[in-house]
Amino acid sequence: MKRVGIAILALLLLLLCVPVCRAVDVTEAQWDSIDTEALEDAASTSGAELELNEAFNLNEALAQLGELLAGQLSAAVKDAVGSSGVLLLIVLFCEMADGLSAVTGGAKGPVAVVGTVAVTAVSVSDVSSLMELGKTAIERIDTFSNLLIPVITTCSVASGSVTGGVARQMATVFFSTVLVTLIDRVLIPFVYLYTAACAAAAVVDNRGLGEIARLLKWAVTSILTVLLLLFTGYLSLTSVAAAGTDAATIKLTRTVISSMVPVVGGILSNATETVLSGVGIVKNLVGSFGVVAVLGFCVTPFLRLGAQYLAYRLAAVLAAVISQGKIPKLIDDIAGAFALVLGMTGTAALLVMISVFATLAVATG
């Protein structure tokens, strides 16, 4: 009851300070209160040139992302094909060396070890560079969300979703901080350990090392899945609980205005619909801008990681045709490292987008 009373008082002060004749200008006033330049600067690192204003067009913004994707697709495919080509050459040379050893009566063991080390060296270089790319994208998404979510929350609160808006902001900030910390201190080291365990298992033919690699991969995917489930679950529960409170607050506020303000109380009560509608327009535009920007942050890492993952999987299939040794399985296992980094980046983006979508889905009044 205390929280509802505070919310009613805040809405009363807001609405009574807005003259009826100026109700139609609420959208302009809301835009003036937003630091659009800071959001545009943060979004510019995504590669798309987005402008946040009342003329923002979602279709045009998505078209920019399409152009960005098309412009980087060829480079991503070229890099992925180059890496997989090197891996296949290593496999081919190892098979040739094995054949020569069979003719001369030499041992095959050293050839397999050298081949495994060579594949590991190429793979670790690719994993490290793309992991850094994914980490940079996650940090940019986190920085951008720290600017976006408070603006979305302000618009949400101004449109009547007082309890829900604050709850969503707290949840997004908390889970985003936890995710970035886990990725930096736990998940990235796990991916490196996973790659090392896969390589070691291929060299020494140790089943235990293979099980450790699978355990590390399971741990990374499980942590990301649990974190996302907790976030969506908490968001769903708080949204349901807050929806009724916020709707009741707005309805009670209108009733209080209508009954307590002499003569013009009814007019002011009706004007609240215009005020809330104007703020809702701004909220939707800012939310759409935020979603497009987050997608922009994901274009490059998703393209390169996805292309590399597919190239490694294809290389593993072709290598299995050439060789019956352990190297094809090693290549296939290392492809899983790219999938893990892709999952980290996708989870960071989903946290922000789910929060924005949840805010846009709220209809107050």
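So, a few notes on the structure that sits alongside this text. (Residues numbered from 1 in each chain as written. Predicted model: local features only at pLDDT ≥ 70, side-chain atom pairs only at ≥ 80, totals over all residues. Heavy atoms only, no water.)

## Thoughts on the overall build of the protein chain
A count of helical and extended segments in the protein chain gives nine helices and zero strands. Listing every helix and strand of the protein chain by position from the N terminus yields α-α-α-α-α-α-α-α-α. Burial statistics for the protein chain: of 365 residues in total, 45% are counted as buried. When contacts within the protein chain are restricted to residue pairs at least 6 apart in sequence, long-range pairs at least 24 apart make up 83% of them. Surface accessibility of the protein chain: about 17500 Å² in total, with carbon and sulfur atoms responsible for 67%. (Helix = DSSP H or I, 4+ residues; strand = E, 2+ residues; numbered from the N terminus. Buried < 20%, exposed > 50% of the residue type's maximum accessible area, 1.4 Å probe, protein only. Contact = heavy atoms within 4.5 Å. Areas by Shrake-Rupley, 256 points an atom, 1.4 Å probe, with all protein chains shown as cover.)

## With respect to a nonpolar patch on the surface
Residues Leu89, Leu92, Phe93, Met96, Val321 and Ile322 make up a contiguous nonpolar surface patch of roughly 600 Å² in combined accessible area. For the nonpolar patch, the secondary-structure elements that each account for two or more residues are helix 4 (58–104) and helix 8 (265–322). Here the nonpolar patch gets four residues from one element, more than from any other, and that element is helix 4. Among the structural elements, Phe93 can be located in helix 4. (Patch = residues over 30% accessible without salt bridge, like charges linked within 9 Å, V, L, I, M, F, W, Y side chains within 5 Å. Salt bridge = Lys/Arg side-chain N within 4 Å of Asp/Glu carboxyl O.)

## Focus on the packing of aromatic side chains
To describe a pair of aromatic rings, one takes the distance between the centres and the angle between the planes. Considering all chains together, one arrives at six aromatic pairs under this definition. Here the aromatic rings of Phe175 and Phe231 are separated by 5.4 Å at their centres, their planes lie at 70°, and the arrangement is edge-to-face. Here the residue Phe175 occupies a position in helix 6 (residues 162–204), and Phe231 occupies one in helix 7 (residues 207–260), the gap between them amounting to 56 residues. Using a relative accessible area of 10% as the deciding quantity, one classes Phe175 as buried. On the numbers, 4.9 Å between centres and 65° between planes, the contact of Tyr312 with Phe338 is edge-to-face. Here the residue Tyr312 occupies a position in helix 8, and Phe338 occupies one in helix 9 (residues 327–361), the gap between them amounting to 26 residues. A relative accessible area of 1% means that Phe338 is categorised as buried. (Phe/Tyr/Trp six-rings, centres within 6.5 Å; stacked < 30°, edge-to-face > 60°.)

## A word on the environment of Leu224
Structurally, Leu224 can be placed in helix 7. With residues near it in sequence (within four places) discarded, Leu224 still touches Leu179, Leu187, Leu340, Gly343, Met344 and Thr347.

## Overview of empty space enclosed by the protein
Counting across every chain of the model gives four cavities of 30 Å³ or more. Here the largest cavity is characterised by a volume of approximately 50 Å³. Forming the boundary of the largest cavity are Ile138, Ile141, Asp142, Ser145, Ser176, Leu179, Val180, Ala348, Leu351 and Val352. Looking at the lining of the largest cavity, the elements with two or more residues in it are helix 5 (109–158), helix 6 and helix 9. Sorting elements by how many residues they give to the lining of the largest cavity places helix 5 first, with four residues. In terms of residue class, the lining of the largest cavity is made up of seven nonpolar, two polar and one charged. (1 Å grid on protein atoms, 1.4 Å probe; cavity = no way out; pocket = protein on both sides within 12 Å on 5 of 7 lines; lining within 4 Å. Points joined across faces, edges and corners; volume = space filled by probe spheres on them. Nonpolar A, V, L, I, M, F, W, Y, C, P; charged D, E, K, R; others polar.)

## Digging into the pattern of salt bridges
Evaluated as defined, the whole model comprises five salt bridges. Where Glu211 meets Arg214, a salt bridge forms, and the shortest distance between an N and an O atom there is 2.4 Å. In this pair, Glu211 and Arg214 both sit in helix 7, three residues apart, roughly one turn of the helix.

## Quick notes on the nonpolar core
Residues Val191, Ile331 and Met344 are the most contacted members of the largest nonpolar core, which totals 48 residues. For this core, the secondary-structure elements that each account for two or more residues are helix 4, helix 5, helix 6, helix 7, helix 8 and helix 9. It is helix 9 that provides the largest number of residues to this core, a total of 13 residues. Sequence-distant contacts of Met344, defined by excluding residues within four places in its chain, comprise Ile138, Ile183, Leu187, Ile188, Val191, Val220 and Leu224. If you look at the next biggest cluster of nonpolar residues, it comprises 30 residues, including Ala42, Ala61, Val291 and Ala293. (Core = buried A, V, L, I, M, F, W, Y, C linked by side-chain atoms within 4.5 Å.)

## Some remarks on helix 3 (residues 36–44)
Among all positions of helix 3, only Thr36, Leu39, Ala42 and Ala43 are buried. Each buried residue of helix 3 lies within a common arc of 130° when the element is viewed along its axis, so the set occupies one face. The exposed set on the far side of helix 3, more than 90 degrees from its buried face, consists of Glu37 and Asp41. (Arc of directions from axis to C-beta.)

## Thoughts on the side chain of Thr120
Take Thr120: it is sitting in helix 5. Looking at Thr120, the relative accessible area reads 17%, which means it is buried. What Thr120 contacts, discounting residues up to four positions off in sequence, is Ala199 and Leu330.

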